[in-house]
Amino acid sequence: MTNFLVAGGIVAWPLLAFSMLGVALIIERFLFWFQIKSREKRVVTSVLKYYQGNEPMEAIAKLKKNADLPLCRIFLEALILYDATPTEFRLALETATQGELPLLRRFNTVFQTIIAVSPLLGLLGTILGLMRSFASLNIGSVSGTNAGAVTGGISEALTSTVMGLVVAITTLLFSNSFRSLYLKELALIQEYAGQLELLYRRYNEKGDQPYAITR
């Protein structure tokens, strides 16, 4: 590993830092999405059944137990409004959803930076390696050429290029996967929030007791 980094030249170290940062963020995002996808649908389906069965207190208690899930926090923000009109209820859902988006898109900028900069660092390493090789050439005198320096420069150029591409491609694949999960989650939030709003409107139109509680 050390020899590989040495062969990559000076740009190998920032690329190593990018790769370590990328791995750490990928693990964090993987655990984040695994937690959501493994529990969210089951919890929210249960909450909607409680509401449909006119059991708002049980539904709210379920949401509070799972307040670490974004969709549960969104529901709670709307349900804590006392005697809210349907319009106020919808605005509360929309506002809470907007508040959760930065968490769902977390580290996207870092991923994009790694994807954009890593190939450029690899290209920089390629140029530096070739410059080192050409500097070691003694045109017109083969015996005066430092063969070791020439091959070392070429090795640096190739190694840095490979490192830059590997870091960028790997990060891109995971970044696109997380973006896909984000878009699916956003669609799921809109679907379930729409179902909750519909239930609230039905109860409100019937003149039943307000379908929300105070803090």
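Residues numbered from 1 in each chain as written. Predicted model: local features only at pLDDT ≥ 70, side-chain atom pairs only at ≥ 80, totals over all residues. Heavy atoms only, no water.

As for the packing of aromatic side chains
In this structure the tally under the stated criterion is five aromatic pairs. Ring geometry for Phe-30 versus Phe-34: centroids 6.4 Å apart, planes at 15°, classification stacked. Here Phe-30 pairs with Phe-34, and both are found in helix α2 (residues 12–52), just four residues apart, close to one helical turn. Per residue, the accessibility class of Phe-30 equals that of Phe-34, and both read exposed. Seen in terms of ring centroids, Phe-174 and Phe-178 are 6.4 Å apart; in terms of plane orientation they differ by 35°. Their pairing is tilted. Pair noted here: Phe-174 and Phe-178 are both in helix α7 (residues 147–205), with a separation of four residues, about one helical turn. Classification of Phe-174 as partly exposed rests on a relative accessible area of 37%. Through a chain of ring-to-ring contacts, the aromatic side chains of Phe-111, Phe-174 and Phe-178 assemble into a single cluster. (Phe/Tyr/Trp six-rings, centres within 6.5 Å; stacked < 30°, edge-to-face > 60°. Helix = DSSP H or I, 4+ residues; strand = E, 2+ residues; numbered from the N terminus. Buried < 20%, exposed > 50% of the residue type's maximum accessible area, 1.4 Å probe, protein only.)

Side note on a nonpolar patch on the surface
The grouping of Val-23, Ile-27, Phe-30, Leu-31 and Phe-34 at the surface amounts to a nonpolar patch, some 530 Å² of accessible area in total. Residue placement: Ile-27 occurs in helix α2. By relative accessible area, Ile-27 is classed as partly exposed at 47%. (Patch = residues over 30% accessible without salt bridge, like charges linked within 9 Å, V, L, I, M, F, W, Y side chains within 5 Å. Areas by Shrake-Rupley, 256 points an atom, 1.4 Å probe, with all protein chains shown as cover. Salt bridge = Lys/Arg side-chain N within 4 Å of Asp/Glu carboxyl O.)

Describing the nonpolar core
Counting 39 residues, the largest nonpolar core has Tyr-51, Phe-75, Leu-79, Leu-93, Leu-104 and Leu-196 as its most contacted members. Of all the secondary-structure elements, those providing two or more residues to this core are α2, α3 (56–65), α4 (70–79), α5 (86–104) and α7. Setting aside its immediate chain neighbours within four residues, Leu-93 contacts Ile-74, Phe-75, Ala-78, Ala-193, Leu-196 and Glu-197. (Core = buried A, V, L, I, M, F, W, Y, C linked by side-chain atoms within 4.5 Å. Contact = heavy atoms within 4.5 Å.)

Some details on the environment of Leu-21
Locating Leu-21 in the fold gives a position in helix α2. Judged by relative accessible area, which is 37%, Leu-21 ranks as partly exposed. For the pair Leu-21 and Phe-111, spaced 90 residues apart in the sequence, the C-alpha separation amounts to 9.4 Å. Leu-21 has contacts with Val-110 and Ile-114, leaving out every residue within four places of it along the chain.

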